[in-house]
Amino acid sequence: MSTLADVAFSMLDLVPIQDHGTVKQAIDNSLNLAQHLEILNFKRFWLAEHHNMDGIASSATAVLIGHIAGGTKTIRVGSGGVMLPNHAPLIVAENFGTLAALYPDRIDLGIGRAPGADQITMRALRRGLVDADDFPNQLNELRALLAPVQPNQRLIATPGANSNVPIWLLGSSLFSAQLAGQLGLPYAFASHFAPRMLHEAIHIYKSHFTPSETLSKPYLSLGVPLIAAPTDQEAEFLATTSKQRIQALFSGKSLRLRPPIENMGQIWSSHQEQISVESFLAAAVIGGPLTVKAKLEKFLEETGADELMFVSDIYDFELRKRSFDIVNALKHA
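About the thresholds
Residue positions are given per chain, counted from 1 along the sequence in the order it is written. Under the rules for a predicted model, residues below a pLDDT of 70 receive no local features and side-chain atom pairs below 80 are neither given nor counted, while totals for whole chains, interfaces and linings still include all residues. Hydrogens and water molecules were not included; the side-chain quantities draw on all heavy atoms of the structure. Numbered from the N terminus, helices here are DSSP runs of H or I no shorter than four residues, and strands are runs of E no shorter than two. For the radius of gyration, the atoms used are the C-alpha atoms, and the globule rule reads 2.2 Å times the number of residues raised to 0.38. Between buried and exposed lies partly exposed: a residue is buried under 20% and exposed over 50% of the maximum accessible area for its type, with that area taken using a 1.4 Å probe on protein chains only. Contact definition: two residues touch when any of their heavy atoms are within 4.5 Å. Counted as salt bridges are all cases of a side-chain nitrogen of Lys or Arg within 4 Å of a carboxyl oxygen of Asp or Glu. Strand pairing follows a simple DSSP-based rule, namely that at least 2 bridges must link the two strands. Here a crossover is taken to be right-handed if, once the strands point away from the viewer, the path from the first strand over the helix to the second is traced clockwise.

## Thoughts on the overall build of the protein
Then step 1. Scanning the protein from N- to C-terminus turns up 12 helices and nine strands.
Then step 2. For a compact globule of 333 residues, the expected C-alpha radius of gyration is about 20 Å, and the protein comes in at 19 Å, within 12% of that figure.
Then step 3. Counting only C-alpha atoms, the protein reaches 65 × 45 × 40 Å along its principal axes.
Then step 4. Looking at the protein residue by residue over its 333 residues, the buried ones come to 51%.
Then step 5. Contacts in the protein between residues at least 24 apart in sequence constitute 72% of all its contacts with a sequence separation of at least 6.

## Regarding the pattern of salt bridges
Then step 1. A complete count under the given rule lists 10 salt bridges for this structure.
Then step 2. The salt bridge involving R76 is made with D108; its shortest N-O contact spans 2.9 Å. Taken together, the residues R76 in strand β3 (residues 76–83) and D108 in strand β4 (residues 107–112) connect sequence positions 32 residues apart.
Then step 3. Residue class for D108 comes out buried when judged on its relative accessible area of 1%.
Then step 4. Because the salt bridges share partners, they merge into one network encompassing R44, R76, D108 and E307.

## Describing the side chain of R44
Then step 1. Mapped onto the fold, R44 is located in strand β2 (residues 44–47).
Then step 2. With near-sequence residues (within four places) excluded, R44 lies in contact with F9, S10, M11, I75, R76, D108, W168, Y219, E307 and M309.

## Examining the pairing of strand β1 (residues 8–13)
Then step 1. Summarising burial for β1: six of the six residues are buried, a large majority.
Then step 2. Covered by surrounding structure in β1 are A8, S10 and L12 together with F9, M11 and D13, the residues of both alternating faces.
Then step 3. Pairing analysis gives four bridges linking β1 to strand β9 (residues 307–311), with the strands arranged parallel. Paired with M11 across the bridge in β9 is F310.
Then step 4. Each parallel crossover has a hand, and the one from β1 via helix α1 (residues 23–39) to β2 is right-handed.

## Some points on the environment of Y205
Then step 1. By the secondary structure assignment, Y205 is in helix α7 (residues 198–207).
Then step 2. When its relative accessible area of 0% is taken as the criterion, Y205 is described as buried.
Then step 3. Put simply, Y205 and D232 are 27 residues apart on the chain and 34 Å apart in space, counted from C-alpha to C-alpha.
Then step 4. Apart from the residues within four sequence positions on either side, Y205 is in contact with A177, A180, G181, L185, P186, Y187, L215, P218, Y219 and L220.

Structure representation (structure tokens):
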């Protein structure tokens, strides 16, 4: 059973833009946060690919990975993830092969199956639609391009070939859980926004796991929204920024971070909207140190996660860093 002392801590960053902030400020904050988490001995700092969303500055994921890796020394940096239907496998292999050459043994390639965008954006990315059912073939092509060159191989990624960049499968449903198990790959489940299928996905991944050259046993990372503060009351107050953002996502409004508010009840459009937002955050860990510790220990007991991938939407950047200081202190208490 995993415990706080032995589980790995990591971070998934969407490079959030504040309501009156700039993209440059968001990127500077992301690098600052990665440097801070490196000091705290976090294992990874991942960036998520999203497009056509005004409050998220991580769309050029590979570019940002290079920027973050260049500004840090030891923390692993990667994608959480690159949405493979949006890109030709050759381009992904060349991008990450280049990153691996620049920052040896520090780059991760998390791959997602969902396009993560609407139809208009998908067409703009690929100038044509790729069937998600073709994902296993796309993945096989990508893995081959990152592997050692085979005799008579005509398509070679340069850089990329023989880089063996570690590949993870990401998922918010059950398809990638089964595929990751069958291929013997590490698996990251997006419980930070899709907690409903969490336990079924874990069961499917572990029950289908086949040892591979990559892994001898399953390795599971789980997304956890984290809002830690000195008191439960302050944490609940800070969490209203996340709730406003999810509310905006559901209603098609701006996703820029908004300041916390005293009473969410005054802005819910309906009781159903409140239920939907709270269901989205079902895996969230919000509270003061004792509450956070109890919730994380319960989560680990129920899931057996090897790694926790924290997501944190806190409006004040210094308070965001403080949140990680608090959870890190609990790990080493």
